[in-house]
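Now for the letters of each chain:
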Amino acid sequence: MTSGSALDGLFSPLQLRSGQVLRNRIAKAAMEEGMAGRAQLPDERLIALYRRWGAGGAGLLITGNVMVHAEALTGPGGIVLDADAPLEPFVAWAQAGKAAGAAMWMQISHPGRQVQARMPGVVWGPSDIAVDVGRHSKRFGRPVAMTSEQIQATIARFVTTAQRAELAGFDGVEVHAAHGYLLSQFLSPLVNTRTDEWGGSLENRARLLLEIVRAIRAAVSPSFAVAVKLNSADFQRGGFDADDAHRVIGMLASLGVDLVEVSGGSYESPAMSGRPTDGRTAAREAYFLELATELAETSALPLMLTGGISRRETAERVLANNVAVVGMGTALSVTPDLPNRWREGLAATGTMKPVTWSDKSLASLAEMARVRYQMRRMAAGNNPALGVSPVFALIADQRVQSRALRRYARWLASRERQGARKPSVAAL
């Protein structure tokens, strides 16, 4: 772990391996905005939203999922940065987030099998094992096991997106290997049943993540930050666990990684919403603190913890457990200037009541819908509405997604007609 990183206070700077300095230990963690504009690009809404967050006092802003593969999106409102995307909208996005002094990192991701069944495009996975969320399972497409060529093309896509993020003025990228997305799927022995060099032992299951990180680090400037978001555990019996996380962090330590963000769960076990299926994380705040504390004891890399943090006392407790950076998502969707308020000795303006529905998958969807509702309000220049009904937010979100799906389908079809460029693996 980084010497002194945890005990210097929320508003002390943190210097990373790349030489980049975060002005404080508070990060706006990634939340999927679902607000792509024309051609799956950021527009004035995301620019306004991140300008507001940047002015709120956090040292680091991490975007929601930016997809590396135009045919594989977590949802129809996803942003795509590939070889064909124009850079100008991304330049404006980066400038907005950085305007008040925060660092701006782009979270880059591939959904793998976690793709809605109604989406056009592809549904890939390490194996052909489908998402199992009980009666909601039909919401997801049936995955096909990736070929070696598709795996190599995916590595190239991650590298292209990282390179173009740097060109657009972002300060770093975070490779998303958590929450059941593609790289997390490869890490999971429950999902990855391959018998080739990409499956079996943890070393083989981690190979895709390690190859992507290694290739990105070689392709970007030394001063450009490279981070990884990793599950502390999948919270599924027999899945990726804390011991696996410890070993993977050790594997990443020699690859020039600046920071590892610790989270947990997947669509099948939504621990990131405080609802794991195995019942091991019942904390209402700092869901993954116990596991993160164990990892921090031996980690050669600084860790960031995200999940259920909303009070300064909790954030300080996280730092006191040798975690270097405190990540917040939902808390900043309802109080976007919370870091500044903490500096002034003030608390959050309020919180949203938890969704207590017995159907954990549906409750998690409603929680995310309420967060996106707040983000859309802030993007339009309004303040959050803390009392919004989860049912109303869920219905509103479905309407937004339906419109976005029609736009995405038209755009993807037009790309196919025009013949979008294929990723090159020659540079790898």
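Residues numbered from 1 in each chain as written. Predicted model: local features only at pLDDT ≥ 70, side-chain atom pairs only at ≥ 80, totals over all residues. Heavy atoms only, no water.

1. Focus on unusual backbone geometry
Then step 1. Positive phi, normally seen in glycine, also occurs at His179, with a value near 55°.
Then step 2. Relative to the elements of secondary structure, His179 occurs in the loop between β10 (172-177) and α4 (182-187).
Then step 3. Since its relative accessible area comes to 11%, His179 is described here as buried.
Then step 4. We note that Asn322 has phi near 70°; this positive angle belongs to a residue other than glycine.
Then step 5. Position of Asn322 among the secondary structure elements: in the loop between α9 (312-320) and β14 (325-328).
Then step 6. For Asn322, a relative accessible area of 29% translates into the label partly exposed. (Helix = DSSP H or I, 4+ residues; strand = E, 2+ residues; numbered from the N terminus. Buried < 20%, exposed > 50% of the residue type's maximum accessible area, 1.4 Å probe, protein only.)

2. Points about empty space enclosed by the protein
Then step 1. Using the criterion set out here, one finds two cavities of 30 Å³ or more in the structure.
Then step 2. The class makeup of the residues in the lining of the second largest cavity is four nonpolar, four polar and two charged. (1 Å grid on protein atoms, 1.4 Å probe; cavity = no way out; pocket = protein on both sides within 12 Å on 5 of 7 lines; lining within 4 Å. Points joined across faces, edges and corners; volume = space filled by probe spheres on them. Nonpolar A, V, L, I, M, F, W, Y, C, P; charged D, E, K, R; others polar.)

3. Digging into the packing of helix α12 (residues 360-379) against helix α13 (residues 390-418)
Then step 1. The interhelical angle for the contact between α12 and α13, taken along N-to-C directions, is 75°, at an axis separation of 8 Å. As summarised for this structure, α12 and α13 are arranged roughly perpendicular, according to the angle between their axes. Contacts between α12 and α13 pair Leu362, Leu365, Ala366, Ala369, Arg370, Arg372, Tyr373 and Arg376 from the former with Pro390, Phe392, Ala393, Leu394, Ala396, Asp397, Val400 and Gln401 from the latter. (Axes fitted to C-alpha atoms, helices over the stretch in contact; angles between N-to-C directions. Parallel < 35°, antiparallel > 145°, perpendicular 65-115°, else oblique. Contact = heavy atoms within 4.5 Å.)

4. Let's talk about the packing of helix α1 (residues 44-54) against helix α2 (residues 88-98)
Then step 1. For the pair α1 and α2, interaxial distance at closest approach is 7 Å and the crossing angle is 20°. Taken as axis vectors, α1 and α2 run roughly parallel relative to one another. Where α1 crosses over α2, the two elements pack in a sense that is right-handed. Taken together, the residues of α2 that come into contact with α1 (itself represented by Leu46, Ile47, Tyr50, Arg51 and Gly54) are Ala92, Trp93, Ala96 and Gly97.
Then step 2. For the contact of α1 with α2, a count of residues per class yields six nonpolar, two polar and one charged. (Left-handed = near helix turned anticlockwise from the far one by under 90°.)

5. With respect to the nonpolar core
Then step 1. Ranked by internal contacts, the top residues of the largest apolar core, which has 95 residues, are Phe90, Leu209, Ile216 and Leu252.
Then step 2. Sort the elements by how many residues they give to this core and helix α6 (residues 207-219) lands first, with seven residues.
Then step 3. Within the second largest apolar cluster, 16 residues are counted, among which are Leu14, Ala29, Ala30 and Met304. (Core = buried A, V, L, I, M, F, W, Y, C linked by side-chain atoms within 4.5 Å.)

6. Quick word on α12
Then step 1. Over its 20 residues, α12 runs 29 Å from end to end, which matches the ideal 28 Å to within 8%, given 1.5 Å per residue.
Then step 2. The buried fraction of α12 is high, at 15 of 20 residues.
Then step 3. Two to three positions downstream of the cap, the backbone nitrogen of Ser361 sits 3.2 Å from a side-chain oxygen, assigning the N-cap of α12 to Asp359. (Expected span 1.5 Å × (residues − 1). Polar contact = N/O pair within 3.5 Å; in protein donor to acceptor, adjacent residues only side chain to side chain.)

7. Side note on the layout of surface pockets
Then step 1. Empty space within the second largest pocket amounts to approximately 560 Å³.
Then step 2. Around the second largest pocket, the lining comprises 33 residues; the ones closest to its centre are Gln116, Arg139, Leu365, Arg372 and Gln401.
Then step 3. The set of elements that each furnish at least two residues to the lining of the second largest pocket consists of α12 and α13.
Then step 4. With seven residues, α12 is the single largest residue contributor to the lining of the second largest pocket.
Then step 5. A per-class count over the lining of the second largest pocket returns 14 nonpolar, 12 polar and seven charged.

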